[in-house]
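# Fold and geometry: a report
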Amino acid sequence: QVDLVESGGGLVQHGASLRLSCAASGRAFHTYAMGWFRQAPGREREFVSAVSWNGESTYYADSVKGRFTVSRDNVKKIVILQMNNLESEDTAVYYCAATRLTTADLIRGEIEIWGQGTLVTVSP
């Protein structure tokens with residue numbers, strides 16, 4: 001099993017960029033599909049982005065498509081979420097997520113491991 005630690009959150013202005021990182025510790029990181037979810041105040045946690053175990057397939061929620069890019073490095077055991085052109089609606093706690101099931105399962109919320117979350121605040 002792996003443990004996940006997110007970093008990179010912060011307060012930015014509308015239109016700015018942020019780069020979130022998820023560092024994994026433990027064995028067999030390369031066997032996990034990885035993803036990002038977010039939870040805004042008063043709202044349910046929602047899917048943001050996912051990347052397959054080998055990094056060859058990526059998936060995005062419609063709300064972030066074209067602005068966010070997900071990638072992974074299985075040697076360094078990290079997952080990156082590059083967020084560009086941020087909007088106030090992107091304000092949320094962002095969680096890194098992992099599953100040894102399929103990427104489709106991850107998108108459906110079938111998560112084995114969650115990170116602790118990192119707060120992203122976008123000012124108008």
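The text that follows walks through the structure, step by step, so that each part is easy to find. (Residues numbered from 1 in each chain as written. Predicted model: local features only at pLDDT ≥ 70, side-chain atom pairs only at ≥ 80, totals over all residues. Heavy atoms only, no water.)

## Quick notes on the overall build of the protein
Note the threshold: Comment: elements are numbered from the N terminus, with helices defined as DSSP H or I runs of at least four residues and strands as E runs of at least two. Under the scheme applied here, a residue whose accessible area is under 20% of the maximum for its type counts as buried, over 50% as exposed, and between as partly exposed, the area being computed with a 1.4 Å probe on protein chains only. Reported accessibility uses the Shrake-Rupley method at a 1.4 Å probe radius. Residues are deemed covered only where the shown protein chains occlude them.
Helix and strand counts for the protein stand at 1 helix and 11 strands. Along its sequence from the N terminus, the protein presents helices and strands in the succession β-β-β-β-β-β-β-β-β-α-β-β. The principal-axis extents of the C-alpha atoms in the protein amount to approximately 40 × 25 × 25 Å. Put simply, the protein has 124 residues, and 43% of those count as buried. Roughly 6,300 Å² of accessible area belongs to the protein as shown, and the carbon and sulfur atoms make up 49% of that amount.

## Re the nonpolar core
For clarity, the cut-off: Nine residue types can take part in a nonpolar core, namely buried Ala, Val, Leu, Ile, Met, Phe, Trp, Tyr and Cys, and a core is a set of them joined through side-chain atoms within 4.5 Å. Contact between two residues is taken to exist if any of their heavy atoms lie within 4.5 Å; hydrogens are not considered.
By size, the foremost hydrophobic cluster in this structure holds 37 residues, and its most contacted members are Leu4, Met34, Trp36, Phe68, Leu81, Met83 and Tyr94. Of all the elements in the fold, those that place two or more residues in this core are strand S1 (2-7), strand S3 (18-26), strand S4 (33-39), strand S5 (46-51), strand S7 (68-73), strand S8 (78-83), strand S9 (92-99) and strand S11 (118-123). With 5 residues, the top contributor of residues to this core is S9. Apart from the residues lying within four places of it in its own chain, the contact partners of Phe68 are Arg38, Val48, Tyr60, Leu81, Gln82, Met83, Asn84, Leu86, Asp90 and Tyr94.

## Some details on the side chain of Ser49
By secondary structure assignment, the location of Ser49 is in strand S5. The class for Ser49 is buried, based on a relative accessible area of 0%. When residues no more than four places from it in sequence are discounted, the contact partners of Ser49 are Met34, Gly35, Trp36, Tyr59, Tyr60, Val70 and Leu81.

## With respect to the pairing of S7
So the rule is basically this: Strand pairing is assigned whenever DSSP detects at least two bridges linking the two strands.
A one-sided burial pattern is seen for S7, the buried positions being Phe68, Val70 and Arg72 and the unburied ones Thr69, Ser71 and Asp73. Pairing of S7 with S8, which is carried by 6 bridges, proceeds in the antiparallel orientation. Note that in S8 the partner of Asp73 across the bridge is Ile78. Between S7 and S8, which pair antiparallel in sequence order, lie 4 residues; one of them, Lys77, sits at a positive phi of approximately 60°.

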